[in-house]
Amino acid sequence: MMSLLVAMLMWSCVWPQGVASRAKISFTTDSLTSAELASREALPSPGITARAGLASPTRSPWIVANGWRVTRRPGTKYVYSLGAGKAGLAAAEAFAYGADALLKIAPEDVGVLRTIMAFFDGLPASDLPNVADFAVVDDGSAVTGEVMNLLARRNLLFEVVKAPSDRFRINIVVGSREFPAREAADPSAFALKVRRQLTDEQRTLRVYGSEVVIARFTGDAGRARLHLINYGGREIEGLRIRLRGAYRGREAHVAGVGQVPLQDLVVAGGTTEFSLPRLTTYAVVDLEAVR
Amino acid sequence: MERRAFVRLLAGAPLARTFQISAPAGTPAVRVVSNYKAAAMPGIPGPYPGRVVSVKSDKCVDVATGKANDEIVREMMASGMRALTGAGTTRDAWRRFFDPSDIVGIKVNCGGYPYCVSAYEIVAEVVRRLLDTGIPESQIYVYERFQNQLDEVNYAPHLPAGVRIVAAERANRNVDNSGYDPAVYLEADLFGEEDTRSNMMRLVSQRLTKIINIPNMKDHGATGATGCLKNIAYGSFSNVGRTHQRGKSYTLSLVGQLAAVEPLRSRTVLQILDGLRGVWHGGPFARTTRYVFYPRQIMFGTDPVAIDRLLLDIIDNERRAHGAISIWDRSPASLKMDDTRARDADPNVNIIIREPGHVEYASSLGLGVYDRSKIKVQDLSV
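Every value quoted in this text rests on a predicted model; they were computed, and no experiment measured them. (Residues numbered from 1 in each chain as written. Chains lettered and ligands numbered in written order. Predicted model: local features only at pLDDT ≥ 70, side-chain atom pairs only at ≥ 80, totals over all residues.)

Caption draft 1: Molecular detail of the sheet that holds strand β11 (residues 205–208) of chain A. Residues and elements named next belong to chain A. Taken together, the four strands give an open sheet; going across it, the order is β11-β14-β19-β18, and neighbouring strands pair in antiparallel fashion. Both outer strands of the open sheet, β11 and β18 (263–268), are each paired with one neighbouring strand and no more. Looking at each pair of strands side by side, their axes are set apart by 20° on average, direction ignored. Two strands pair when backbone bridges link them, and β18 and strand β19 (residues 271–279) are joined in this way by four bridges, in the antiparallel orientation. The partner of V267 across the bridge, within β19, is T272. (Pairing = 2+ DSSP bridges. Helix = DSSP H or I, 4+ residues; strand = E, 2+ residues; numbered from the N terminus. Axes fitted to C-alpha atoms, helices over the stretch in contact; angles between N-to-C directions.)

Below, the structure written as structure tokens:
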């Protein structure tokens, strides 16, 4: 009987989502098999947590997020082992970054997961490349990984490259004279240094009104898609977004809510700003470039 | 009115923007964005720069119980307003500032609950006088940033039912931004925080025509004292807690810079500093009576700098009377960074280097008179 129930709860979906990969999410309420664990890289449960001395519990809590890992190794298969209440956030994260992920979820989260996967199903198809402001040369080290983590955490948009790329003004090579390894020992300060080099004015993306939202931005010359993942566990009202470039857009697709009109949209000075009235766990905003 | 309904009412107002750049030496660079122009005579410092009326009464508060005497407070209010304006009647005094078409915000301070908040008696008397000038109840707003603080203090039983009591956010959790105007803000990167904007409440920018500021006489761990300037500035903008942390406070410049942002500056026309009760340490909070004292006075004026200049001495003198370090103390030996327990236990502990110089700095922005020798104080007794 139990095996029948588990079989009924197995679910798998694939969505066209990004160039480098296709999101493929499956889930189970059963224990993970040794074969599944061996064939996939385990990801920590996403969300916020308190880490003494590193982040304020109210304004800037420590975020556990995995998008940077998928960005770093898009072809890898991942597995989440999640406690109750985490299924929606993990699915949103996997979907936004186009991950191939198996989610081990609590039985009470089956409904939540099916709902958000139905939400993914209803989104317009999109197949746009990542937008990045600078490159990180990946040496495969844990230190560089932690730097990527903190860069992503601050919505500093980067592309992972094997060698410095002349497409970017800033190429981060951990261990170089410009970015010494000793500085990378404090990834938060390191990320701030990169931000200051880039300057806030030149950043493609800014998020105002929360320190717990991580964005993924994809686009080409004509269209763009903004993924917004809320790791805080509380709905956010009035999140303000600033994008470099001129865009038009009417609404956001908000998980659990539906289509929500963008508010206070302003295009001026080579930038676009708008507010999202509500952000649950996840939202997608599709935009068209204004020529 | 429900907070969410009120926010919806204001959402969607037309957006336009102008830019001002301000980066005085030694202070963080800030960018102020607002499409509002200053009034011909901005409310701050208003028609009475450098002028303060201080009304005292030994009978206004029973220091044994902390209970205020409503009748005495009304008398203090009437005397103070007549003296400030020179009007022959109390009604005429209020009509110098307000007419029936005004939509008036009353900025209260609820942070010192339960022992030191904007007094019910003062707030209720202000509302009565506004009604007396012909302003309808529906055009009077009592406001704070956080709804949970307003709920704790609960002004409603003391006010006519039609008066609106509204907040911008449910609580200090950084998840409700809809109550703030995305087109009016001060932007500054202070500690490397990601959210570098502090936005003005929509109520202030899009609804109110006049504001009455009713702060308390309180010590403040980051600013030295919190009076008129701090209450109106930090009480009308989002995301201001980021200005002071890890022992460092950028309040020296930011208090005045926020208070100077239009339309807040032009619309804040009257300052009533509630000194029925005060807090000499541990402020802006007052969760125990240990640091509560009773100045038993109310100050009236239009110049927040002049009033706050007097407040600095009141707080510092009270601290001195208790053998506590001065609000001007910058000694590293007094600093126990972020240790609020130590601060609450010992009045000789700072958790942040305080910046009482914010009052003088605000004067450099044209917000009022700081030089004590140029401030004219009229003392009255009831």
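Caption draft 2: Molecular detail of the nonpolar core. One finds I106, V123 and A259 of chain B to be the most contacted residues of the largest nonpolar core, which totals 104 residues. With eight residues, the top contributor of residues to this core is helix α10 (residues 304–321) of chain B. Dropping the residues within four chain positions of it, I106 of chain B is found in contact with V123, V126, Y141, V142, Y143, I212 and I214 of chain B. With 80 residues, the next largest nonpolar core counts F134, F190, A191 and I236 of chain A among its residues. (Core = buried A, V, L, I, M, F, W, Y, C linked by C-beta atoms within 7 Å. Buried ≥ 20, exposed ≤ 12 C-beta atoms within 10 Å, placed from the backbone. Contact = placed C-beta atoms within 7 Å.)

Caption draft 3: Main features of the packing of helix α2 (residues 70–85) of chain B against helix α4 (residues 120–132) of chain B. Residue and element names in this part refer to chain B. The interhelical angle for the contact between α2 and α4, taken along N-to-C directions, is 55°, at an axis separation of 9 Å. When the interaxial angle is binned, α2 and α4 end up oblique. The handedness of the crossing between α2 and α4 is right-handed. In this structure, α2 contributes D70, V73, R74 and M77 to the contact, and α4 contributes E121, I122 and E125. (Parallel < 35°, antiparallel > 145°, perpendicular 65-115°, else oblique. Left-handed = near helix turned anticlockwise from the far one by under 90°.)

Caption draft 4: Focus on the pairing of strand β12 (residues 213–219) of chain A. All names here are of chain A. Across the seven residues that make up β12, a large majority, seven, are buried. Side chains V213, A215, F217 and G219 of β12 all project onto a buried face; the interleaved residues I214, R216 and T218 project onto the opposite face, where all are buried too. By the bridge criterion, seven bridges tie β12 to strand β13 (residues 223–230) in an arrangement that is antiparallel. Note that in β13 the partner of R216 across the bridge is H227.

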